[in-house]
Amino acid sequence: MSETAGDRAREGAGASLVPPEAWELVGQQIGPGNPVVVHANEVERFCKVIGEDNPIFFDEEAARASVYGGRPMPLTFPLTRFDSGDERSFHVPLHATRRVRGEDELIVLRPIKVGDAVRARTRLVDIQEKTGRSGSLVFLKFETEYLLDDDEVAMIVRTTIVRR
Amino acid sequence: MDWKPGAELPPLVVGPMTTEMLVRWTAAAEDYNPIHYDQAFAKEQALPDVIMHGPYKLALLCRLLHRELGAHGWIRRIQVRYTGMDVPGDVLEFGGRVERAEDAGGERWALVSLYARNGRGATTVQGEAEVVIRIGESG
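Calculation criteria
Residues numbered from 1 in each chain as written. Chains lettered and ligands numbered in written order. Predicted model: local features only at pLDDT ≥ 70, side-chain atom pairs only at ≥ 80, totals over all residues. Heavy atoms only, no water. Phe/Tyr/Trp six-rings, centres within 6.5 Å; stacked < 30°, edge-to-face > 60°. Helix = DSSP H or I, 4+ residues; strand = E, 2+ residues; numbered from the N terminus. Buried < 20%, exposed > 50% of the residue type's maximum accessible area, 1.4 Å probe, protein only. Pairing = 2+ DSSP bridges. Contact = heavy atoms within 4.5 Å. Buried area = accessible area lost by both parts, 1.4 Å probe. Salt bridge = Lys/Arg side-chain N within 4 Å of Asp/Glu carboxyl O. Nonpolar A, V, L, I, M, F, W, Y, C, P; charged D, E, K, R; others polar. Core = buried A, V, L, I, M, F, W, Y, C linked by side-chain atoms within 4.5 Å. Disulfide = S-S within 2.5 Å.

This next bit is on the packing of aromatic side chains. In total, this model carries five aromatic pairs over all chains according to the counting rule given. Plain terms: the ring middles of Phe46 of chain A and Trp25 of chain B are 5.2 Å apart, the flat faces sit at 55° to each other, and that makes the pair tilted. Of this pair, Phe46 of chain A sits in helix H3 (residues 40–50) while Trp25 of chain B sits in helix H1 (residues 19–29), each in a different chain. For the residue pair Phe46 of chain A and Trp25 of chain B, the accessibility class agrees, reading buried in each case. Cluster of aromatic residues (ring-pair linked, three or more members): Phe46 and Phe77 of chain A together with Trp25 and Tyr56 of chain B.

Okay, structure coming up:
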């Protein structure tokens, strides 16, 4: 009897990169972690690195006259900055050594501004394992909420991390 | 620019990318996965070279939008899929197009499709954004 796709799928499942203790983390949340203060000099350095020259990020007066009413934080500023509470701090035990970012979605509920202290909390929303030609890929879907001092959620980031 | 359906955002061209640019992003964003700055490590991971960070490309798409929004509009949502790798030497073009727009309450809401493409012809980011502009002030 020849090997069928079903046989291969079962074989693949036997070599899953996702151990049982990883599946148990789906739905769990970490954080809020330590706050990160959005310092003006770090925002300026960040903007210079990406070549951002919109005065709203540099000039207090221009920012006050803008729709923001103050200097906004660049949306991508916090994505990889936290030491706790964010997606990078969420340890999911996998039989995988490689990690790349697959997708990001940023939803702004209230603009975060220079001077704000922000905390992150992250939920592992889903794990999907898919088998392709180059082997198994694991898609980790996280949702990180960025909170201001009053515990109001100012931004939501949905990230898919691909592991193999 | 006019945030009307069909309007194209004038592309933003960045590059050629260098390892130094990736290291500068690594430090400024605290984005320390060594695949972005350690070539030997990247090659051990079967990558062609150090690769550009996804959020760096996302940040450049935000820069493109902010250039057009000026002081009068803000990004309400931005969503991207990283569909390919960019490496040192690549010249990247970031662009977009207004797909839909609606006016309400003195504001215009627009849905913009977004892309990043490198000089090798690969589209390495695909996405979309929702922006909100105060009516009568854009341009």
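Moving on to the pairing of strand S4 (residues 107–118) of chain B. All names here are of chain B. Extensive coverage of S4 is indicated by the burial of nine of its twelve residues. With twelve bridges joining them, strand S3 (residues 92–104) and S4 adopt antiparallel strand pairing. Across the sheet, the residue bridging to Asp103 is Arg108, located in S4. In this sheet, strand S5 (residues 123–134) lies alongside S4 in antiparallel orientation, the contact comprising eleven bridges. Paired with Trp109 across the two strands is Val132, which belongs to S5.

Taken together, the contact pairs 35 residues of chain B with 30 residues of chain A. Note on chain B versus chain A: buried area summed over both sides is about 3000 Å², and carbon and sulfur give 54% of it. The interface formed by chain B and chain A holds two salt bridges in total. One salt bridge connects Arg77 of chain B with Glu105 of chain A, and the closest N-O pair in it is separated by 2.7 Å. Of all the secondary structure elements, the ones that give two or more residues to the side of chain B that touches chain A are H1, helix H3 (54–69) and strand S2 (73–82) of chain B. Counting residues per element, the side of chain B that touches chain A draws most heavily on S2 of chain B, which supplies ten residues. Among the residues making up the side of chain B that touches chain A, the classes are represented as 19 nonpolar, seven polar and nine charged.

A few words now on the nonpolar core. Ranked by size, the top nonpolar core spans 71 residues in total, and within it Ile112 and Tyr146 of chain A together with Trp3, Leu65, Ile78, Phe94 and Val131 of chain B carry the most contacts. Per-element tally for this core: the top contributor is H3 of chain B, with nine residues. With near-sequence residues (within four places) excluded, Val131 of chain B lies in contact with Trp3, Leu65, Leu69, Trp74, Ile75, Arg76, Arg108, Trp109, Ala110 and Val112 of chain B. If you look at the next biggest cluster of nonpolar residues, it comprises 14 residues, including Leu25, Leu94, Ala96 and Phe142 of chain A.

Counting buried residues in strand S3 (residues 99–108) of chain A gives seven out of ten residues, a clear majority hidden from the surface. The pairing of S3 of chain A with S2 of chain B spans five bridges and is antiparallel. By the bridge assignment for S2 of chain B, Leu106 of chain A is matched with Ile78 of chain B.

Now for H1 of chain B. Restricting attention to buried positions, one finds in H1 of chain B the residues Leu22, Trp25, Thr26, Ala28 and Ala29 of chain B. Those residues of H1 of chain B that are buried are in contact with H3 of chain A together with H3 of chain B. Looking one or two places after H1 of chain B, you find Glu30 of chain B, whose phi comes out positive at around 55°.

Turning our eyes to something else, we now look at the environment of Gly105 of chain B. Residue and element names in this part refer to chain B. Mapped onto the fold, Gly105 is located in the loop between S3 and S4. The class for Gly105 is exposed, based on a relative accessible area of 84%. When the C-alpha positions of Gly105 and Arg134 are compared, they lie 9.3 Å apart, and in sequence the two are 29 residues distant.

A separate point is the state of the cysteines. The tally for this structure, following the rule as stated, stands at zero disulfides over all chains. Of all cysteine sulfurs in the structure, the one in Cys62 of chain B sits closest to Cys47 of chain A, which takes part in no disulfide; the separation is 11 Å. Given the relative accessible area of 0%, Cys47 of chain A is considered buried.

Residue and element names in this part refer to chain A. On inspection of all chains with the given rule, the structure shows 24 salt bridges over all chains. Glu42 is the salt-bridge partner of Arg81, the closest N and O atoms lying 3.5 Å from each other. One end of the pair, Arg81, is in the loop between helix H4 (60–64) and S3; the other, Glu42, is in helix H3, and 39 residues separate them in sequence. Arg81 gets classed as buried once you look at its relative accessible area, which sits at 7%.

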